[in-house]
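# Overview (structure and organization)
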Amino acid sequence: TRLTPLEFEEFMANLYEHMGYKTELTSKSGDHGVDVIGRRLTQHGVEKIIVQCKHRPSGVIGEPEVRDLIGAWQEHRDARI
């Protein structure tokens with residue numbers, strides 16, 4: 001609850017790095033709703049993921065947020081969400 005939105009995004013990027021992804025935080029302008037992009041090499045090639053961070057410790061993530069993520073995926077069709 002004490003993290004700022006940017007600190008939360010950095011925390012999430014670090015978490016994915018610990019899972020083997022090379023991550024990058026997107027800039028706020030033109031990010032199309034994506035906060036973190038991750039890539040890692042698998043036996044099938046490079047896997048790309050997009051992460052949309054929502055830090056709401058006492059809130060709910062619902063349909064509008066899912067729609068935002070699906071919209072962001074339109075700009076990153078080669079990624080898993």
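Above this note sits the structure.
So, a few notes on the structure that sits alongside this text.

Parameters at a glance
Residues numbered from 1 in each chain as written. Predicted model: local features only at pLDDT ≥ 70, side-chain atom pairs only at ≥ 80, totals over all residues. Heavy atoms only, no water. Helix = DSSP H or I, 4+ residues; strand = E, 2+ residues; numbered from the N terminus. Rg over C-alpha atoms; globule rule 2.2 N^0.38 Å. Buried < 20%, exposed > 50% of the residue type's maximum accessible area, 1.4 Å probe, protein only. Pairing = 2+ DSSP bridges. Salt bridge = Lys/Arg side-chain N within 4 Å of Asp/Glu carboxyl O.

With that out of the way, let us pick up the overall build of the protein. Each helix and strand in the protein was counted, giving 2 helices and 3 strands. For the protein, the α and β elements follow one another from N to C terminus as α-β-β-β-α. Computed over the C-alpha atoms, the radius of gyration of the protein is 13 Å, within 12% of the 12 Å expected from 2.2 N^0.38 for a compact globule of 81 residues. The principal-axis extents of the C-alpha atoms in the protein amount to approximately 40 × 25 × 25 Å.

The buried count for strand 3 (residues 45-51) comes to 5 of 7 residues, which makes it a mostly enclosed element. By the bridge criterion, 7 bridges tie strand 2 (residues 36-42) to strand 3 in an arrangement that is antiparallel. Opposite Arg40, over in strand 3, you have Glu47 as the bridge partner. From the end of strand 2 to the start of strand 3, which pair antiparallel, there are 2 residues.

Turning our attention to the pattern of salt bridges. Two side chains bearing opposite charge may form a pair once their charged atoms approach each other closely. Here the structure, examined in full by the defined rule, presents 6 salt bridges. Measuring nitrogen to oxygen at the nearest pair gives 3.1 Å for the salt bridge that ties Glu24 to Arg39. Of the two residues, Glu24 is situated in strand 1 (residues 22-25) and Arg39 in strand 2; the sequence distance between them amounts to 15 residues. Relative accessible area serves as the criterion here: at 38%, Glu24 is assigned to the partly exposed category. Take Arg39: its relative accessible area is 34%, and that puts it in the partly exposed class. Between Arg56 and Glu65 there is a salt bridge, and its shortest N-O distance comes to 2.7 Å. Classification of Arg56 as partly exposed rests on a relative accessible area of 38%. Look at the salt bridges and you will find they share partners, linking Arg40, Glu47 and Arg80 into a network.

Read these as spatial facts, not as claims about activity.
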